[in-house]
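Here is how the chains run, residue by residue.
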Amino acid sequence: MNARKGEVFLVGAGPGDPDLITIKGRAILEKADVIVHDFLVPKELLSLAKEGAEIIDVSKRGGEHLMEQKAINEILLERAMEGKIVVRLKGGDPFLFGRGGEEAEFLKKNGIDVHVIPGVTSAIAVPALVGIPVTHRDYSSAFTVITGHESADKEKEVLNWNALSSIGGTIVILMGVSAMERNVKRLLAGGLDPETPVAVIEKGATPEERIVTGPLSKILEICRKESIKPPALIVIGRVVSLRETLGDLR
Ligand code: SAH
């Protein structure tokens, strides 16, 4: 019998560039007995695993789950019960979408020690790297991060799109490619200026990064023309125009 109790570390892998993981995150990756990771995690980070570590890919692509959340929870629980150090590696920050909170709850309820090692979220870092600060004294005093598609089991929308359109700050939409048409319409209907600048960044902070920009009224057409695909992040607001002066900031 193994008396040692395992632990689960929810670790943020950062926005795409493997060097943008935290020092603490990197250290625990090197110690882990098991690494359970998503599709968005930079593959270079997996090579930090110690010899013999078990690496489990539970990729989710664009809402289509390859592995049910329940099955992922069970894997984390089982391995922890075996006394192992389990790293649950997630893109960006583990508690910004991506179900980190749900996993932590489940594990806590089952008596497992859970730790979080926050990460550099794509919501701030991906715009930053292409020259878009999400706030700026002259242009935006707030930013709101939303999901482009709300959980499929929610019958009605819970977000107040009219409020979102009138708050006057930057809006960052994650998982927003497939429902872009619907969401652009909602923002225009809510009174957001059709000329508001928008940037859409595909695979930010990676060598395959692509970026398109345009006014809110034309962005859908532009994305279609360029066939922008997930994972991509949408930034809406006056701060987007700062890119013209700042350019790429890597
Ligand atoms: N926890 C993550 C977000 C998970 S939701 C974080 O903090 O960054 C997944 C969505 O994040 C993707 O659909 C996409 O909209 C966005 N995203 C994550 N990494 C990205 C990247 N490198 N480039 C563009 N968008 C990204």
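Each value, and the rule that gives it
- Residues numbered from 1 in each chain as written.
- Predicted model: local features only at pLDDT ≥ 70, side-chain atom pairs only at ≥ 80, totals over all residues.
- Heavy atoms only, no water.
- Pairing = 2+ DSSP bridges.
- Helix = DSSP H or I, 4+ residues; strand = E, 2+ residues; numbered from the N terminus.
- Axes fitted to C-alpha atoms, helices over the stretch in contact; angles between N-to-C directions.
- Contact = heavy atoms within 4.5 Å.
- Expected span 1.5 Å × (residues − 1).
- Buried < 20%, exposed > 50% of the residue type's maximum accessible area, 1.4 Å probe, protein only.

Participant: Quick question: what am I supposed to make of the sheet that holds strand β10 (residues 197–202) here?
Facilitator: Picture the strands of a sheet paired through backbone hydrogen bonds; they go either parallel or antiparallel. The strand order β8-β9-β12-β10-β11 describes an open sheet built from 5 strands, whose pairing is mixed. Both outer strands of the open sheet, β8 (143–147) and β11 (210–215), are each paired with one neighbouring strand and no more. With strand direction ignored, the average angle separating the axes of adjacent strands in the sheet is 15°. Two strands pair when backbone bridges link them, and β10 and β11 are joined in this way by 6 bridges, in the antiparallel orientation. Across the sheet, V200 pairs through a bridge with V212, a residue of β11. Relative to strand β12 (residues 232–236), helix α4 (residues 122–129) is tilted by about 75°, and along the sheet it contacts β8, β9 (170–174), β10 and β12.

Participant: So what exactly am I meant to see when it comes to the sheet that holds strand β1 (residues 7–12) here?
Facilitator: Spatially, β3-β2-β6-β1-β7 is the arrangement adopted by the 5 strands of the open sheet, whose pairing is parallel. Looking along the sheet, the strands with just one partner apiece sit at the ends: β3 (54–57) and β7 (113–117). Averaged over all pairs of adjacent strands, the angle between strand axes in this sheet comes to 20°, irrespective of strand direction. Across 6 bridges, β1 lies against strand β6 (residues 85–90) in parallel orientation. Its bridge partner lying in β6, G12 is registered against K90.

Participant: Where do I start with helix α2 (residues 69–81) in this structure?
Facilitator: The periodicity of an α-helix, 3.6 residues per turn, causes residues three or four positions apart to be oriented the same way. The terminal C-alpha atoms of α2 lie 18 Å apart, and with 13 residues this matches the ideal 18 Å at 1.5 Å per residue to within 8%. Of the positions making up α2, those classed as buried are Q69, I72, N73, I75, L76, L77, R79 and A80. One or two residues past the end of α2 sits G83, with phi positive at roughly 90°.

Participant: Just checking my understanding: could you explain the environment of A104 for this structure?
Facilitator: In this structure, A104 sits in helix α3 (residues 100–109). Remark: the alpha-carbon pair of A104 and L10, spanning 94 residues in sequence, is separated by 7.9 Å. Excluding residues that lie within four positions of it along the chain, A104 makes contacts with L10, F95 and V114.

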